[in-house]
Amino acid sequence: MNFSLVAAQAADSGTKMNIGDAAVVAVFGYAVVFFGLVLLMCVLYITGAVFKRRDAKAAAVKAAEVKSEAKASPEPVVDAPIAPGSAGHVKLHGVPDKEAAMIMAIVADKLQTPLNELRFTSIKEIK
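Everything numeric in this text was worked out from a predicted model, so none of it was measured. (Residues numbered from 1 in each chain as written. Predicted model: local features only at pLDDT ≥ 70, side-chain atom pairs only at ≥ 80, totals over all residues. Heavy atoms only, no water.)

Peer 1: How should the overall build of the protein be read in this particular structure?
Peer 2: On a plain count of helices and strands, the protein comes out with three helices and two strands. Reading the secondary structure of the protein in the N-to-C direction produces α-α-β-α-β. By residue count, 7% of the 127 residues in the protein fall in the buried class. Restricting to contacts in the protein with at least 6 residues of sequence separation, those with at least 24 account for 49%. (Helix = DSSP H or I, 4+ residues; strand = E, 2+ residues; numbered from the N terminus. Buried < 20%, exposed > 50% of the residue type's maximum accessible area, 1.4 Å probe, protein only. Contact = heavy atoms within 4.5 Å.)

Next comes the structure, spelled out in structure tokens:
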């Protein structure tokens with residue numbers, strides 16, 4: 001099969017376009033492509049704005065939770081001297097002193113270890 005003959009027949013069978021028609025088709029094709037790109041850019045901006053707004057709401061809710069938790073639990077006294085035989089300060093998050101002491105005593109009893117050999121960093125009530 002002669003490929004040059006097939007190519008010549010295909011070229012002859014097509015419609016002939018003058019330079020003006022080809023320019024109009026090219027400009028219309030470019031316009032469609034750029035319109036699609038602008039539309040895609042708008043969709044991306046809208047999606048970005050939605051996600052930023054959602055993240056801002058989540059950050060505001062988290063900040064409100066932290067602020068309410070900070071108001072609910074008193075700050076531990078850091079300036080008080082450490083008692084002899086203790087392992088440092090314990091941060092209490094929403095737990096009264098009496099309950100924290102009971103929890104530490106129960107843990108020491110279950111581990112069969114003296115309380116002054118254990119180190120508690122924080123105690124928080126899980127709701």
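Peer 1: Explanation requested: a nonpolar patch on the surface in the structure shown.
Peer 2: Nonpolar side chains collect at one region of the surface, where Tyr30, Val33, Phe34 and Leu37 lie side by side and expose about 460 Å² of accessible area between them. Along the chain, the position of Phe34 falls in helix 2 (residues 19-72). (Patch = residues over 30% accessible without salt bridge, like charges linked within 9 Å, V, L, I, M, F, W, Y side chains within 5 Å. Areas by Shrake-Rupley, 256 points an atom, 1.4 Å probe, with all protein chains shown as cover. Salt bridge = Lys/Arg side-chain N within 4 Å of Asp/Glu carboxyl O.)

Peer 1: Is there a simple way to explain the nonpolar core in this structure?
Peer 2: Note that soluble globular proteins tend to have their nonpolar side chains buried in a common cluster. Ranked by size, the top nonpolar core spans eight residues in total: Leu92, Val95, Ala100, Met104, Ala108, Leu118, Phe120 and Ile123. The element contributing the most residues to this core is helix 3 (residues 97-111), with three residues. (Core = buried A, V, L, I, M, F, W, Y, C linked by side-chain atoms within 4.5 Å.)

Peer 1: Whenever I open this one, unusual backbone geometry confuses me. Can you help?
Peer 2: A negative phi holds for most residues other than glycine; trans holds for most peptide bonds. Phi is positive for Gln112, close to 55 degrees, though the residue is something other than glycine. Judged by its relative accessible area of 73%, Gln112 falls in the exposed class.

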